[in-house]
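An overview of the molecular structure
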Amino acid sequence: MSAKNEGSIPSAKLKEIEEGKVVVKPNNNKQRLVDTPAKKKSFPFYLFISEIIILVLVIICFSLMSVEPGLFFEIYHDGISYFIQSPLPWTLVLTFAIPALALLNTYFYIFRLDSIHRSKIYIVRFLNITALITLAFPLADPPSSYGYSIPVYGFLIGIYVFMNYCFVNHIVLKTYLLTKKETTKNSLFRKAIAGSPAELEWRKYHTISGYLAIITGVLFIQFFWLLYHVFMRPSVVRKVKRKLIINSLNFEEEVNLSTVALDLGISLEETIFLLKQLQLKRHLNIEFTRYGAVLKEVRKAKWFTFVIQEKYDAFLNKQKMTEYELKANRFIELTERIKLKLSDFRKVLEIDENFSSDDLLLLLPPKVAKIRKPMFYTHTHIFFNHDQALLLREKITKTFVENGDRIFGKKTPKTPAKTKPKSTK
């Protein structure tokens, strides 16, 4: 029997599988069947019970302190009696035991607690914070004929502030984690172990945000992390992505955007969207093709990176440019200096001596350059706007090409007129 005929006849084992008599089990031990429910992690009763204990201790300690503030001692000094009040032993519980337990539970909540159990512990901790704030108000006016002495009153205020710190510590981070179903390691410290170096470059800001969240939580300035994480980090990541996308493009050459998206670790739709955004903002001039994009011009100075500069120089070397086009390109390169002595500027561009610098500024597009003599300077300087020069590159080139003979004093040789042959009669 030929191999072709053998392949067309199903085996007995295959027939049994199709009829359902044989169940195929996966070889990989880590893989689970779809019907098998995932194993749920046990509820951390330690955290729940300890938070309840903290709540009970807060209620008892503050209630006792409001009823019986402390012990009073009478001291005589220079014939004057002074009353000094010492706090009762249960204030030590408020000072050391409860804050230590609260900080320990905060650590377990952030780094050890599963995401499905965060809401239950969060509710109990919220009750603790409410009880702490509510029961502390009666201490301001205790039911005692003597009242608190200034040192003891300051001591109690210090306890109140420290306990507030321990209880409200990481509250912003806890609220953020409550909205996430991922673990802390994945939601804050996600490592970009896969992908290209370009993907690692913009993903590192996610890990930085995680470290800032923990550090600012310890220092109790979490609104700084919230400001960074919500507003600053997305804009920084977006700027890095745009820069990497622009660096992957080529002048007057089609680049496959699918390859660019794969290298950066982002979707193709996001790559096209970011390029379209830059084009609508007139930062770039791009021509989109069927499979990619062609970079025509970079019109914003912040995107004219070192990589783009090298690509642009290579592109210019391939082009056959006229002398006046080269002069225009040299002028745009000079605008990177921001300011230059007017005499040096005319010398570098080889401007004709009879042509006025003011006339050159009138020919150029507005806001590209201006001539000033700053205070305490002996020479007149020309100041450039590099962003405007990049934006109006085409108009500058056109100005130099059309008025090159006037600016540089080079006149094209005229062709001699054809003389009519004399008729011989």
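Just so it is clear, the model here is predicted, and its values are computed rather than measured. (Residues numbered from 1 in each chain as written. Predicted model: local features only at pLDDT ≥ 70, side-chain atom pairs only at ≥ 80, totals over all residues. Heavy atoms only, no water.)

1. So, the overall build of the protein
Here is the rule we go by: Under the scheme used here, helices are H or I runs from DSSP no shorter than 4 residues and strands are E runs no shorter than 2 residues, and both carry numbers assigned from the N terminus. Accessible area is worked out with a 1.4 Å probe on protein chains only. A residue is then buried under 20% of its type maximum, exposed over 50%, and partly exposed in between. Values of accessible area rely on a 1.4 Å probe in the Shrake-Rupley scheme; residue burial ignores everything except the protein chains shown.
Helix and strand counts for the protein come out as 19 helices and eight strands. When the 425 residues of the protein are sorted by exposure, 36% land in the buried category. Summed over all atoms, the accessible surface of the protein reaches about 27,600 Å², with 61% contributed by carbon and sulfur.

2. Quick word on helix α7 (residues 171–178)
For an α-helix the count is 3.6 residues per turn, leaving residues at separations of three or four pointing the same way. We apply this condition: Throughout, the arc means that of the directions going from the helix axis to the C-beta atoms.
Taken together, the buried positions of α7 are occupied by Leu-173, Lys-174, Tyr-176 and Leu-177. Each buried residue of α7 lies within a common arc of 160° when the element is viewed along its axis, so the set occupies one face.

3. Things to note about the sheet that holds strand β4 (residues 284–288)
Basically, it comes down to this: Note: two strands are recorded as paired if DSSP finds a minimum of 2 bridges between them. Axis lines are fitted through C-alpha atoms, for helices just across the contact stretch, and the angle between N-to-C directions can take any value from 0 to 180 degrees. Contact between two residues is taken to exist if any of their heavy atoms lie within 4.5 Å; hydrogens are not considered.
Strands sit in the order β3-β5-β4 across an open sheet of three strands; the sheet is antiparallel. Lying at the two open borders of the sheet, with one neighbouring strand each, are β3 (254–256) and β4. Each neighbouring strand pair of the sheet contributes to a mean axis angle of 35°, computed without reference to strand direction. Pairing of β4 with strand β5 (residues 292–298) involves five bridges; the strand directions are antiparallel. When the sheet's bridge partners are listed, Glu-287 is paired in β5 with Val-294. Helix α11 (residues 257–264) contacts β3, β4 and β5 of the sheet and is inclined by roughly 50° relative to β3.

4. Looking at the packing of helix α9 (residues 197–218) against helix α10 (residues 222–247)
What counts here: When describing relative orientation, an angle under 35 degrees is termed roughly parallel and one over 145 degrees roughly antiparallel, while 65 to 115 degrees is termed roughly perpendicular and anything else oblique. In the scheme used here, Gly and all other residues not listed as nonpolar or charged are polar, with Ala, Val, Leu, Ile, Met, Phe, Trp, Tyr, Cys and Pro taken as nonpolar and Asp, Glu, Lys and Arg as charged.
Put simply, α9 and α10 touch, their axes get as near as 10 Å, and they point 175° apart. In this view, α9 runs roughly antiparallel relative to α10, as classed from their interaxial angle. For the pair α9 and α10, contact is made by Ala-198, Glu-201, Trp-202, Tyr-205, His-206, Ile-208, Ser-209, Leu-212, Ala-213, Thr-216 and Gly-217 and by Gln-222, Trp-225, Tyr-228, His-229, Arg-233, Val-236, Val-237, Val-240, Lys-241, Lys-243 and Leu-244, respectively. When the residues that make up the contact of α9 with α10 are grouped by side-chain class, the tally is twelve nonpolar, six polar and four charged.

5. Structural notes on the sheet that holds strand β8 (residues 381–384)
Pairing between the strands of a sheet is mediated by backbone hydrogen bonds and can be parallel or antiparallel. Across the sheet, which stays open at both edges, the three strands sit in the order β6-β8-β7 with antiparallel pairing between neighbours. Two strands bound the open sheet, and with one partner strand each, they are β6 (339–341) and β7 (369–372). Between one strand axis and the next, the sheet turns by 25° as a mean value, whatever way the strands run. Judged from the three bridges that link them, β6 and β8 form a sheet pairing that is antiparallel. By the bridge assignment, Leu-340 is partnered in β8 with Ile-382. Running over the sheet, helix α15 (residues 342–349) touches β6, β7 and β8 and is turned about 85° from β6.

6. Let's talk about the confidence of the model for the protein
Worth spelling out the cut-off: Each residue gets a pLDDT score, which is the predictor's confidence in that residue and runs from 0 to 100.
Summing up the model confidence of the protein, the mean pLDDT is 76 and the portion of residues at 70 or higher is 73%. Throughout residues 1–10 the model reports pLDDT below 50, and contacts reaching past four residues in sequence, or to other chains, amount to three contacts. Predicted confidence for residues 71–76 stays below pLDDT 50, and this span has 21 contacts to residues more than four positions away or in other chains.

7. Quick look at the packing of aromatic side chains
Note the cut-off: Put simply, two rings from Phe, Tyr or Trp (the six-membered ring, in Trp's case) pair if the centres are within 6.5 Å, and we call them stacked under 30 degrees between planes, edge-to-face over 60, tilted for the rest. Only Lys NZ and Arg CZ are tested; either one counts as a charge over a ring when it is within 6 Å of the ring centre and within 35 degrees of the ring normal.
All chains considered together, the criterion is met by 15 aromatic pairs. Taking the centre distance of 4.4 Å and the plane angle of 35° together, the rings of Phe-223 and Phe-224 count as tilted. Through successive ring pairs, a cluster of aromatic residues spans Tyr-324, Phe-331, Phe-345, Phe-384, Phe-400 and Phe-408. Against the face of Tyr-109 rests Lys-174, its NZ or CZ located 5.1 Å from the ring centre. The positively charged end of Lys-241 is found above the aromatic ring belonging to Trp-202, 4.1 Å away from the centroid.

8. Topic: a positive patch on the surface
Selection rule: By definition, no residue in a patch forms a salt bridge, and every one has over 30% relative accessible area; like charges are joined within 9 Å, nonpolar side chains (Val, Leu, Ile, Met, Phe, Trp, Tyr) within 5 Å. Whenever a carboxyl oxygen of Asp or Glu lies within 4 Å of a side-chain nitrogen of Lys or Arg, that contact is scored as a salt bridge. Charge convention: Lys and Arg are scored as positive, Asp and Glu as negative, and His as well as the terminal groups of each chain are ignored. Every charge is mapped onto a representative atom, which is NZ of Lys, CZ of Arg, CG of Asp or CD of Glu.
Together, Arg-238, Lys-239, Lys-281 and Lys-302 make up a region of like positive charge exposed at the surface. By the element assignment, Lys-302 lies in the loop between β5 and α13 (306–318).

9. Let's talk about the pattern of salt bridges
Enumeration according to the criterion identifies eight salt bridges in this entry. Glu-51 is the salt-bridge partner of Arg-125, the closest N and O atoms lying 2.7 Å from each other. Here Glu-51 lies in helix α3 (residues 45–67) and Arg-125 lies in helix α5 (residues 118–135), a separation of 74 residues in the sequence. Both residues of the pair, Arg-125 and Glu-51, belong to the buried class. The partner of Lys-296 in a salt bridge is Glu-287, and the shortest N-O contact between them spans 3.3 Å.

10. Comments concerning the nonpolar core
How we decide: Put simply, a nonpolar core is a bunch of buried Ala, Val, Leu, Ile, Met, Phe, Trp, Tyr and Cys residues held in one set by side-chain atoms that sit within 4.5 Å of each other.
If you look at the biggest cluster of nonpolar residues, it comprises 54 residues, and the most contacted ones within it are Phe-331 and Phe-345. When residues in this core are grouped by element, the largest group, six residues, is from α10. With near-sequence residues (within four places) excluded, Phe-345 lies in contact with Phe-331, Leu-334, Leu-340, Ile-351, Leu-360, Ile-382 and Phe-384. One finds Leu-47, Leu-113, Tyr-176 and Leu-188 within the second-largest nonpolar core, a separate group that totals 15 residues.

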